[in-house]
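Each chain, written out:
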Amino acid sequence: MKTAALAVCAVLTAAAAAAADLSVSATLDNQRVELGDQLMLSVAISGSGSAAPQPPLIADVEIYESGKSQSVSIINGRVSSSVVHTYVLAPRKAGRFVVPPIEVPGAAPTAPLEFVVEQGSPATQTAAAPSPAPNPGPRPGGSPDVFVTAALEKNRAFVNEQVSFVVRFFTAVPLLGATQYDAPKLTGLLSENLGAEGQGTTMIGGRSYHFSELKSVLFPVQAGRAAIGPAFVTVQLPRGGRMGDDFFDRFFTMAAPETRRLHTDPLTLSVDPLPPGAPDDFSGIVGALSIESSVDRARLKAGEALNLTVIVSGVGNIKSLPEPKRPDLPSVRFFDSESSVKLERRGDKAGGSKTFKTVVVPKVSGPLEIPALTVSYYDPAKRAYARAHSQSIRLSVLPGDPNTALPIVGPGAAPSPGVTEVASDILYLKAPGGRSALGDTLAAFGAPGPWHILPFAFFLLALILDWRRRIAVADPRARRVRHARAAAERRLKQAEAQPDAQRARAVALLGEALTGYFADTFDQPAASLTLKAVALRLQNRETPPAAELARLKSAWEELDLLRYAPGGAGQAEVKRLADEIRALTLAFEKELRS
Amino acid sequence: MIIALLAALLALPAAAAPYNDAKAAYDAGHFDSAASAFAVLIAAHPGDAALHYDLGNAWLKSGKLGRACTSYQRAFDLDPRDGDGRRNLDFALRRSGEELTPPGIPGPAFTAFTALSARELSGLHWLAAWTTLILAGLALLGSAQSRARLRGWLLGAAAAWLLFGLWWAGLRAVLPAGRGVIVAERAELRNGPGQTFTVGYTAPEGRRVRILSESGAWLEVGLLKEGVKGWILASSVEKL
């Protein structure tokens, strides 16, 4: 195993060296074609798969990307990787064309390539003339000896959706010599021959015909109208259409056969763009695909290599299928892929499979899962985008040899003494219970609840009290009047609370309560207020309180008497007088406020 | 409130034995079992951010990205200063095409802005409000001298009230109350609450949404990142 690891190490080190020698080459599969034919341009980049060329621009030539293939080859321990980008060139007119130099950063540009597009063979030119030979197709009532037809599977398709195209040649007479078929000129279409040439016999208009058919599929390359020009069939017929019955007739007929060039009617195909909402990894394939992935070993050491094989198969333009997006696995090194295409006929459809083989090197030990790979396509039958998934692959990676693991980590990435992130993942579990008491207390305090009314209520109360205080300061007379009875009551209580030894003080307080009440009520000095003045003020009212006046007079005189004879007032007397004054002030309060 | 405060202060840590069982299942790679065990623990201790974080780990390892994002977001809402929780939430969100830090906002600024949770900011806001109002009331009731003494404290409390109030409101705008996470693998957002309406958008699992309204089995949601809205099956969204 150690030997194997060293070998892989050497291979990868060599790959790193190869990456430094970047070179680009371009080749054409043909230098001379006829108008209507297509050429394949291959651009090979050796040494690094990361750079991609820009498709060349050539006037009057439509260019389509046909796909990309990658490969890693190991010869005598030397590793070389290459990426081949393939383009389809479809000239729109005859003439001499030049593929300009193709540039890739870090490499010398390619040499210009030249190719010639001819107008077509003489027979084709004749057929393309303004007055071609009439096409003796099957007409009502007519039954020509030979005719050719062309038909499309349907007249409307999506971009890159395959459409079957069938050319049928019918003959009711024996043919002389070889039959030549010239494919139609295609505009905005790529053609894939199904390799199916059927033949048989059928009755048309009461006449027996032998027919041959050639099937192919067409892939529209862009939205709009695609055109299929006439297909030509050149046949040698017996002159006069029929051979005679005797030997001499047949001899002379064969000696001078009639050449007839037949053609089909031109066809058009309406091409619709694909609907919006394509998945991120959609590459333009229209059809139906499936994907499967596998590895040649599921248990290996870190630094060792395994082969990952991804096979995408199905119906559609398999040639143009790009490699499925590789998973983002920082702990794994993926090398450039090598791809191969196998095309096959699936009923009337073209399909096949494309295989991508990649060398994979895990960098670290531990369980490793290569996640499911996906490929998206547009399913024209369901008229919806779909995505095929492969199965994920679980690998068991054992610790590798530390002496060999380091260089394998990555050509181009020099070993670094610092910390290198190998893979990004979530952090591990946390033990519960580490809650912030302060945070929880704040959260509990901030929870909605009626208690949050309290500070507002307190503030409102303070506002009211402050407002009243301000009013009192601004209007002292009104405050004196408003507090007259409260002041009297306070003095009455003080009087009642006086001990026996302070009876004179108690009587004085009773007198102050009575006179003070009326002094406050009438906003007059208490010292100058007499019973006569109070009585006069009360009698001047609209409804003088006669009964209360009499009681007031009695209480007032009694207080005067006691004030000057304090020894005669006992505790009970003070209490009685206090109650009387309390009742009087209450009665006058009602009377005066009414 | 007193009960809530006591409960918050005296909250007992999660029982050790069930947690160890959940951890053992997680370590053994039985992530679905671990998730079930963590969910049971959370039912008993819903305010424990670490348990939500652990549940997020179990969901993510079992391949349920949407539920992982939901749990990580709950952990983040409870304890935004936990760096591990913040990192794992960002890790999960990136898998759904989103990032924790909104585009255009510097990372440190967003970290500072979300350093306090919404509930903590609510508490600070109300604490400052109480302090401000009580100081203001005392100043009104007190003498001129006491007013002068309280003035500095009152201004400070009022400034804190304003600061925490604005901060709280801003955080509620960024992390609104009615939120959810898409838990379906490829959710379809329709132009109305029913299958008869056309699909306007598809959204990946794990994407955070704002729930705008409900109609039967459908929710009208807005995608926070893209700013688009549509109707989605309620079963495709887990509310936060």
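Here, the structure is the one placed above.
Summary of the structure given here. (Residues numbered from 1 in each chain as written. Chains lettered and ligands numbered in written order. Predicted model: local features only at pLDDT ≥ 70, side-chain atom pairs only at ≥ 80, totals over all residues. Heavy atoms only, no water.)

### Remarks on a nonpolar patch on the surface
- A surface patch of nonpolar side chains, amounting to about 480 Å² of accessible area, comprises A:Leu460, A:Leu463, A:Ile464, A:Trp467 and A:Ile471.
- Here A:Ile471 is to be found in helix α6 (residues 453-474). (Patch = residues over 30% accessible without salt bridge, like charges linked within 9 Å, V, L, I, M, F, W, Y side chains within 5 Å. Areas by Shrake-Rupley, 256 points an atom, 1.4 Å probe, with all protein chains shown as cover. Salt bridge = Lys/Arg side-chain N within 4 Å of Asp/Glu carboxyl O. Helix = DSSP H or I, 4+ residues; strand = E, 2+ residues; numbered from the N terminus.)

### Topic: the environment of A:Arg479
- Structurally, the position occupied by A:Arg479 is in helix α7 (residues 476-482).
- The spatial distance from the C-alpha of A:Arg479 to the C-alpha of A:Asp520 is 9.3 Å, given a sequence separation of 41 residues.

### Some points on the sheet that holds strand β2 (residues 32-34) of chain A
Residues and elements named next belong to chain A.
- What the three strands build is an open sheet, ordered β2-β7-β6; its pairing is mixed. A strand with exactly one partner marks an edge of an open sheet, and here the two such strands are β2 and β6 (95-99). The average angle at which neighbouring strand axes cross in this sheet is 25 degrees, direction not considered.
- Where β2 lies against strand β7 (residues 113-118), three bridges are found, and the strand directions are parallel. Counterpart to valine 33 in the pairing with β7 is valine 117. (Pairing = 2+ DSSP bridges. Axes fitted to C-alpha atoms, helices over the stretch in contact; angles between N-to-C directions.)

### Remarks on the packing of helix α5 (residues 65-78) of chain B against helix α6 (residues 83-95) of chain B
Residues and elements named next belong to chain B.
- It is at 9 Å that the axes of α5 and α6 come closest, and there the two elements cross at 150 degrees. The angle between α5 and α6 places the two elements in the roughly antiparallel class. Every pair of crossing elements has a handedness; the one defined by α5 and α6 is left-handed. Where α5 approaches α6, its residues Leu65, Cys69, Tyr72, Gln73 and Phe76 are matched on the opposing element by Arg86, Asn88, Leu89, Ala92, Leu93 and Arg95. (Parallel < 35°, antiparallel > 145°, perpendicular 65-115°, else oblique. Left-handed = near helix turned anticlockwise from the far one by under 90°. Contact = heavy atoms within 4.5 Å.)

### Some remarks on the sheet that holds strand β12 (residues 186-187) of chain A
Residues and elements named next belong to chain A.
- Within the open sheet, the four strands sit side by side as β9-β18-β15-β12. Their pairing is mixed. Edge positions in the sheet fall to β9 (156-158) and β12, since each of these pairs with one other strand and no more.
- Relative to strand β15 (residues 224-228), β12 runs antiparallel, the two being bridged by two bridges. If you follow threonine 187 over to β15, its bridge partner there is alanine 227.

### Describing the interface of chain A and chain B
- Contacts between the two partners involve 34 residues from chain A, matched on the other side by 47 residues from chain B.
- With both chains or domains summed, chain A and chain B bury close to 4000 Å², and 68% of this area falls on carbon and sulfur atoms.
- Taken as a group, A:Ile426, A:Leu429 and A:Lys430 account for 18% of the area that chain A buries against chain B, more than any other trio of residues on that side.
- Our count for the contact surface shared by chain A and chain B stands at five salt bridges.
- The salt bridge involving B:Arg119 is made with A:Asp440; its shortest N-O contact spans 2.8 Å.
- Linking chain A with chain B are 17 residue pairs in polar contact (both at pLDDT 80 or more).
- When contributions to the side of chain A that touches chain B are tallied by element, the ones reaching two or more residues are α5 (437-446) and α6 of chain A.
- Here the side of chain A that touches chain B gets eleven residues from one element, more than from any other, and that element is α6(A).
- Among the residues forming the side of chain A that touches chain B, the class breakdown is 20 nonpolar, seven polar and seven charged. (Buried area = accessible area lost by both parts, 1.4 Å probe. Polar contact = N/O pair within 3.5 Å; in protein donor to acceptor, adjacent residues only side chain to side chain. Nonpolar A, V, L, I, M, F, W, Y, C, P; charged D, E, K, R; others polar.)

### Details of the pattern of salt bridges
Residues and elements named next belong to chain A.
- Scanning the model with the defined rule gives 47 salt bridges over all chains in all.
- For glutamate 213, the salt bridge is made with arginine 168, and the minimal N-O distance between the two is 2.7 Å. Of this pair, glutamate 213 sits in strand β14 (residues 207-220) while arginine 168 sits in strand β10 (residues 163-171), placing them 45 residues apart in sequence.
- One salt bridge connects arginine 582 with glutamate 496, and the closest N-O pair in it is separated by 3.3 Å. One end of the pair, arginine 582, is in helix α12 (residues 571-593); the other, glutamate 496, is in helix α8 (residues 484-497), and 86 residues separate them in sequence.
- By relative accessible area, which is 18% here, arginine 582 ends up buried.
- The exposure class of glutamate 496 is partly exposed, given its relative accessible area of 22%. (Buried < 20%, exposed > 50% of the residue type's maximum accessible area, 1.4 Å probe, protein only.)

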